[in-house]
Amino acid sequence: MDTKRAARYPFLRESAEFAEKNSSDLESLLTSELYAPARRRGKERVLQALEKSEVSYVDLMTDYDRLIEVMSYPYARMLVSQVGDRFLTKRYALSEAVRMNSLLNKEDRETVIMVSEELGVTSTIDRDGTIHMGFPDYLRLASRLSSVDWKLINSDIHHGIVYLPQDKFSRLMQNALQDKIESELPLMTPEQFKPYMKEDVKDIGAALSDAKMRMDPTKGEGMKSDYLPPCLVHILEMSRNGLNLPHSARFAVVTFLKALGLGYEDIIKVFAESPDFDESKSEYQIKHIMGELNGGEGYSPPECKTMKTNGLCYSPDKLCEQEWMNHPLKYYRTKSKDAKKNAGQSAVSEIVKGPKPKDE
Ligand code: SF4
């Protein structure tokens, strides 16, 4: 048994066997002082996912340290399951998968094959290091990667087999692991063990709220239509007036609103105002753009340059004309910041000068 590999890839069968061999079970993981370091590390895995979008790894020298690393993985998964938040689950799955990608990238053949098999992908490796995988697996894992490198036309495919260098194969395995973890969570935690996790679950919940606030462009205020850039105002008006929106305009609206933190239920309402609204068609389009159909992160909103190319930069105003203005989201954030600054200034001047007389 390769204990170093078990610690590097704790989702492998080999890792479970390593834990079993050391009589590490759920009860001892949650209750024994011996496994306190594994619980600390498990919590750290989840916090790193929230803070850095990547779980760290250092090579560990002793079997004891490797066992702790292996056991920290199920603990982290139990914590994520207990918090029960979709954003956290996706973020955690992504962060474990990013960690694995950076390790697998430089790994030996045996490990690459073992990891890919565990992730349900059959592969073989040439003498020169080129990896072969079946076309259906390639399509499933590469279709959500938007860079031109992943387009079929740029791929080396012969008779249903795709030929890849190790770094590209490893990137696909990142998607495979992310899908696997997302599909396995949440785990059921037996009631009698929940009290042991209470404090850690509370801390993760607090860190999750902070992370959501940090990443929310509206800082928890929801969308304010006063801050919308002219392009978005125009597109939304077109939709309301029943005009047919080109795909690029729908794409811009959905990605923009998603970036502001709106969920599917809020976004569909925008399109529901259109007289020729077809819910099933819109649902598919919106969820596809949001990445909800393939478990991906969804697309980013287009920058001003792309909006202009697509003929969607309607009635740009003075703020749009600033040299540094390059993104509709930047427009929104600038307006939001200015509004707060102005509100702060008028509060200060009211303190200095006293409130305005009522009849002024
Ligand atoms: S410059 Fe940018 S933000 Fe302003 S209207 Fe055009 S696309 Fe929108």
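Residues numbered from 1 in each chain as written. Predicted model: local features only at pLDDT ≥ 70, side-chain atom pairs only at ≥ 80, totals over all residues.

**Student:** Give me the lowdown on the packing of helix H6 (residues 86-104) against helix H9 (residues 166-184), citing residues and values where you can.
**Tutor:** Put simply, H6 and H9 touch, their axes get as near as 8 Å, and they point 150° apart. The crossing of H6 and H9 is right-handed. Between H6 and H9, the residues in contact are Thr-89, Lys-90, Ala-93, Leu-94, Glu-96, Ala-97, Val-98, Met-100, Asn-101 and Leu-104 and Ser-170, Arg-171, Met-173, Gln-174, Leu-177, Gln-178, Ile-181 and Glu-182, respectively. Broken down by class, the residue content of the contact of H6 with H9 amounts to 9 nonpolar, 5 polar and 4 charged. (Axes fitted to C-alpha atoms, helices over the stretch in contact; angles between N-to-C directions. Helix = DSSP H or I, 4+ residues; strand = E, 2+ residues; numbered from the N terminus. Left-handed = near helix turned anticlockwise from the far one by under 90°. Contact = placed C-beta atoms within 7 Å. Nonpolar A, V, L, I, M, F, W, Y, C, P; charged D, E, K, R; others polar.)

**Student:** Give a description of the domain arrangement of the chain that names residues and reports values.
**Tutor:** Split into domains, the chain comes out as domain 1 (1-84 + 187-215), domain 2 (101-185) and domain 3 (225-349). Averaged C-alpha coordinates put domain 1 and domain 2 at centres separated by 26 Å. At the interface, 11 residues of domain 1 touch 7 residues of domain 2. For the side of domain 1 that touches domain 2, the secondary structure elements donating two or more residues are helix H1 (3-8) and helix H5 (63-83). Taken together, the residues of the side of domain 1 that touches domain 2 sort by class into 6 nonpolar, 1 polar and 4 charged. (Domains from an automatic or database assignment.)

**Student:** Tell me about helix H7 (residues 109-118), residues and numbers included.
**Tutor:** For H7, the complete set of buried residues consists of Val-112, Val-115 and Ser-116. Projection of H7 onto a plane perpendicular to its axis shows the buried side chains occupying an angular sector of 95°, all on one side. Contacts from the buried residues of H7 go to H6, strand S1 (123-125) and H9. One or two steps after H7, the chain reaches Gly-120, where phi turns positive at roughly 80°. (Buried ≥ 20, exposed ≤ 12 C-beta atoms within 10 Å, placed from the backbone. Arc of directions from axis to C-beta.)

**Student:** So, the nonpolar core: which residues are in play, and what are the values?
**Tutor:** Within the largest apolar cluster, 52 residues are counted, with the highest numbers of intra-cluster contacts made by Val-46, Met-71, Leu-79, Met-173 and Leu-177. The element that contributes the greatest number of residues to this core is H5, accounting for 11 residues. Looking at this core, you find at least three residues from each of domain 1 (1-84 + 187-215) and domain 2 (101-185). For Met-71, the contacting residues outside a window of four places in its chain are Ala-19, Ser-24, Leu-29, Tyr-35 and Ala-38. If you look at the next biggest cluster of nonpolar residues, it comprises 25 residues, including Phe-251, Val-253, Met-307 and Tyr-331. (Core = buried A, V, L, I, M, F, W, Y, C linked by C-beta atoms within 7 Å.)

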